[in-house]
Amino acid sequence: MARRYGSTYSPDGSSRPRDGTTPRPPAARPFDGKRPTRVGARSNLLFLAALPLAWKAFTAPPVAMAGYLLALGCLVGAAVLTREGLKAEEAYEARRVARRPAIPRKIFGSVLTGLGLGLVGWFGWGPVETGIFAVLGTVLHSLAFGLDPLRNKGFDEVDMFQRDRVARAVDEAESHLNAMREALERTGDRQAQGRFDRFAATARAMFRTVEDDPRDLTAARRYLGVYLLGARDATVKYADLWTRSKNAEARADWFALLDDLEQNFAARTEALLIDSKTDLDIEIEVLRDRLAREGITS
């Protein structure tokens, strides 16, 4: 009879080590909870679609040339806004608590697309074609890429202030992580970048925990602010030093720093989850007492 193979290092992690000790939980992986990005071929094709206007402009009379170049600028601007809008939407969807983008980039991209195609219709055909091109360009762009998020996510009128504090703190923490990533990309060290990705996954687990319960922000503020700020500064200095001299000792110290930070972040996240479980147990006990006083028992 067939049996599933299992051992200490099996993927399901259900087996215990041979020495009888409790197995360690699997480490956070950089791609946990992530989805493939939508910022890719579709948005990049918008840049290519506008290029024929450059050739058409320099083969047209001066007035038409100016119109085609203006249309080219509108279409390129629409492509840039669309790509940035897709990035902002992905960041919005990845967060449990998020404000709507301050600038509706995809909507502006649709308008610029319609304006650019309308200019092409005006200088290439006539007034009727101008309206048709403008409307079709705006509508088709909106259907292809959608609209920007127009509502805050995870906010309500009761705890708006607390949610806003959490959103600002997480935004600051994400900016520190992005600065660390950009610094490491300058080094070209794939191993260091992979190590940072594992740490970033652990840090973001804390972000999501705080977003779930804004009361945890006070206990986690040092981690989201001071500790990540120090890690950012240390990473930037390490990247500069490694780029200049390939100092192996500095690299080992930076890896050790990330190990310590990851352990501390994981321990603090676990403590926050335990506190949340304690709060849940208290709520359950209070509800049971109230039911018992009213004569309702399970």
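Keep in mind the model is a prediction, meaning the values are calculated, not measured. (Residues numbered from 1 in each chain as written. Predicted model: local features only at pLDDT ≥ 70, side-chain atom pairs only at ≥ 80, totals over all residues. Heavy atoms only, no water.)

Draft legend 1. The arrangement of the overall build of the protein in detail. The helix and strand tally for the protein stands at nine helices and zero strands. Moving toward the C terminus, one meets the helices and strands of the protein in the order α-α-α-α-α-α-α-α-α. For the protein, the residues scored as buried account for 34% of the 298 residues in total. Within the protein, counting contacts between residues at least 6 apart in sequence, those at least 24 apart form 72% of the total. Surface summary for the protein: the accessible area is close to 18,800 Å², and the carbon and sulfur share equals 60%. (Helix = DSSP H or I, 4+ residues; strand = E, 2+ residues; numbered from the N terminus. Buried < 20%, exposed > 50% of the residue type's maximum accessible area, 1.4 Å probe, protein only. Contact = heavy atoms within 4.5 Å. Areas by Shrake-Rupley, 256 points an atom, 1.4 Å probe, with all protein chains shown as cover.)

Draft legend 2. Spotlight on the packing of aromatic side chains. Under the definition given, this model contains seven aromatic pairs. Where Tyr223 meets Tyr227, the ring centres are 4.8 Å apart and the plane angle is 80°; that geometry is what we call edge-to-face. Of this pair, Tyr223 and Tyr227 both sit in helix 8 (residues 217-245), four residues apart, roughly one helical turn. Judged by relative accessible area, which is 7%, Tyr223 ranks as buried. For the ring pair Tyr223 and Phe265, a centre distance of 5.3 Å and an interplane angle of 85° mean the geometry is edge-to-face. (Phe/Tyr/Trp six-rings, centres within 6.5 Å; stacked < 30°, edge-to-face > 60°.)

Draft legend 3. Main features of the packing of helix 4 (residues 105-124) against helix 5 (residues 127-145). Closest axis-to-axis distance for the helix 4/helix 5 pair is 7 Å, and the angle between their directions is 155°. Relative to helix 5, helix 4 is oriented roughly antiparallel. The way helix 4 lies across helix 5 gives a crossing that is right-handed. For the pair helix 4 and helix 5, contact is made by Lys106, Gly109, Ser110, Thr113, Gly114, Leu117, Gly118, Gly121 and Trp122 and by Pro127, Glu129, Thr130, Phe133, Ala134, Gly137, Thr138, His141, Ser142 and Phe145, respectively. Counted by class, the contact of helix 4 with helix 5 contains six nonpolar, 11 polar and two charged residues. (Axes fitted to C-alpha atoms, helices over the stretch in contact; angles between N-to-C directions. Parallel < 35°, antiparallel > 145°, perpendicular 65-115°, else oblique. Left-handed = near helix turned anticlockwise from the far one by under 90°. Nonpolar A, V, L, I, M, F, W, Y, C, P; charged D, E, K, R; others polar.)

Draft legend 4. Quick look at the packing of helix 7 (residues 190-212) against helix 8. With their axes 11 Å apart at the nearest point, helix 7 and helix 8 run at an angle of 165° to one another. Here helix 7 is positioned roughly antiparallel relative to helix 8, judged by the angle of their axes. You can see that helix 7 and helix 8 cross each other, and the crossing is left-handed. The residues of helix 8 that touch helix 7, namely those facing Ala192, Phe199, Met206, Phe207 and Val210, are Leu217, Ala220, Tyr223, Leu224, Leu228 and Tyr238. Residue classes in the contact of helix 7 with helix 8 are distributed as 11 nonpolar, no polar and no charged.

Draft legend 5. View of helix 8. The first and last C-alpha atoms of helix 8 sit 40 Å apart over 29 residues, in line with the 42 Å expected at 1.5 Å per residue. Of all the bends in helix 8, the greatest measures close to 30° and is centred on Leu228. Taken together, the buried positions of helix 8 are Leu217, Ala220, Tyr223, Leu224, Gly225, Leu228, Ala231, Thr235, Tyr238, Ala239 and Trp242. Positive backbone phi, at 50°, marks Lys246, one or two positions downstream of helix 8. (Expected span 1.5 Å × (residues − 1). Bend = angle between axes of the 7 residues up to and from the residue.)

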